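Understanding the architecture of this molecule
Below are the chains, spelled out letter by letter.
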Amino acid sequence: MQRRKILIVTKTYPSISRKYKETVCTAGVLLNDDEKPIQWIRIYPIRFRSLDLDKRYPRWSVISAEIERNTKDYREESFRINDSSIEIVRNINTKDNWKERKSLILPLEFSSVSEIINNGKSLGIIKPQSIRKYFYRKTSREWSSRQQAIQDQLDLFEPSVELEKIPFQFCYDFVAKDGKSHKYSINDWEIMQLYRNCRNNSEQVSLEDKEKEALEKVRQKLEADFLMNKDLYFIVGNLKNHKNTFMIIGLFYPPKLKFEQLSLFN
């Protein structure tokens, strides 16, 4: 393994794994010694909630860690990480309209998902040409019997809080710059946590009303706020076993400049 610097750009909501019990996929940018962007990378698998507190890297942090290519994964962006080697170097702030964040990830922008695929890649950032709508779907409220059985396995040396199943899938229907239409689910941990926080903080009495209020607040964020006030980009990645099936694994949303907002009404 080699020690390298990585900018953490997004983390997906944890998923249940037969081998690892619970895993998180982290997408980031590999940096050179001068902290210039080289390529997108995927750190997987990692049991994020089991990491020591000082190693739980926040989004938009630069970390230093020992990594190596995951040779069991055909996707060239996939790397393994030595959990115990993680060091948080610094955090990237939002000064000057997210200037530094933009300088680190936008040089690696693709024009469309098709360009990502045609270049033999599985991960990247795109800016949609237009967004038709935000919507959500209902999903199962419970993990499958196999997934629940994995969670129920006792680990006397590693107690943890059971992972909650989110019964909704949040999505965007959009058109890429090549004119192709896509309907992608959003698996960004940040958005899932937004839903959970809104539901848990709701003063409504019934679960149904709490969820209804939370869904409306998520809609306000992803539709009213992001589509009107943010310069929205999608960080997209494919599924290992379905290489042409992509999802939104993270959202990049610097504020729109004032002249951009005014142009919407001209």
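First things first, this report covers the structure right here in the doc. These numbers were taken from a predicted model, which means no experiment stands behind them.

1. As for the overall build of the protein chain
For the protein chain, the helix and strand inventory stands at six helices and 14 strands. Expressed as a percentage of its 266 residues, the buried residues of the protein chain come to 46%. Residue pairs at least 24 apart in sequence account for 67% of intrachain contacts in the protein chain once pairs closer than 6 positions are excluded. About 14200 Å² of surface is accessible on the protein chain, with carbon and sulfur atoms providing 48% of the total.

2. Points about the sheet that holds strand E11 (residues 168–175)
Two pairing modes exist for strands in a sheet, parallel and antiparallel, and in both the strands are linked by backbone hydrogen bonds. An order of E10-E11-E12 is seen for the three strands of this open sheet, with the pairing classed as antiparallel. The open sheet is flanked by strand E10 (130–138) and strand E12 (181–185), the only strands paired with a single partner. Each strand of the sheet is rotated relative to its neighbour by a mean of 20°, with strand direction disregarded. Where E10 and E11 come together, eight bridges link them in antiparallel fashion. Bridging from a neighbouring strand, serine 130 pairs with valine 175 of E11.

3. Quick notes on the sheet that holds strand E13 (residues 233–239)
Strand order in the open sheet formed by four strands is E8-E9-E13-E14, and the pairing between neighbours is mixed. Across the chains shown, the open sheet's two edge strands, defined by having one partner strand only, are strand E8 (109–110) and strand E14 (242–252). Relative to E14, E13 runs antiparallel, the two sharing seven bridges. Counterpart to phenylalanine 234 in the pairing with E14 is leucine 251. Contacts from helix H1 (residues 95–105) reach E8, strand E9 (123–126) and E14, with the element oriented near 165° to E14.

4. A short note on the nonpolar core
Looking at soluble globular proteins, one finds that nonpolar side chains tend to be buried together. Core analysis: the biggest nonpolar cluster contains 68 residues, and Leu7, Ile105, Phe170, Tyr172, Leu222 and Leu251 have the highest contact counts within it. It is E14 that contributes the most residues to this core, six residues altogether. Among all residues touching isoleucine 105, those that are not within four sequence positions of it are Leu7, Val9, Val29, Trp40, Trp60, Ile125 and Phe252.

5. Regarding the pattern of salt bridges
Counted by the stated rule, this structure contains 17 salt bridges. Lysine 217 serves as the salt-bridge partner of glutamate 213, at 3.6 Å between the closest nitrogen and oxygen. Highlighted residues: glutamate 213 and lysine 217, both in helix H5 (residues 207–229), separated by four residues, approximately one helical turn. Overall, lysine 217 belongs to the partly exposed group, its relative accessible area being 37%.

6. Topic: unusual backbone geometry
Its identity as a non-glycine residue notwithstanding, glutamate 35 has a phi of 60°, on the positive side. In this fold, glutamate 35 is placed in the loop between strand E3 (21–31) and strand E4 (37–46). Glutamate 35 gets classed as buried once you look at its relative accessible area, which sits at 15%. One non-glycine residue with positive phi stands out, namely tryptophan 98, at about 65°. With respect to the helices and strands, the residue tryptophan 98 is situated in helix H1.

What counts, and where the lines are drawn
- Residues numbered from 1 in each chain as written.
- Predicted model: local features only at pLDDT ≥ 70, side-chain atom pairs only at ≥ 80, totals over all residues.
- Heavy atoms only, no water.
- Helix = DSSP H or I, 4+ residues; strand = E, 2+ residues; numbered from the N terminus.
- Buried < 20%, exposed > 50% of the residue type's maximum accessible area, 1.4 Å probe, protein only.
- Contact = heavy atoms within 4.5 Å.
- Areas by Shrake-Rupley, 256 points an atom, 1.4 Å probe, with all protein chains shown as cover.
- Pairing = 2+ DSSP bridges.
- Axes fitted to C-alpha atoms, helices over the stretch in contact; angles between N-to-C directions.
- Core = buried A, V, L, I, M, F, W, Y, C linked by side-chain atoms within 4.5 Å.
- Salt bridge = Lys/Arg side-chain N within 4 Å of Asp/Glu carboxyl O.

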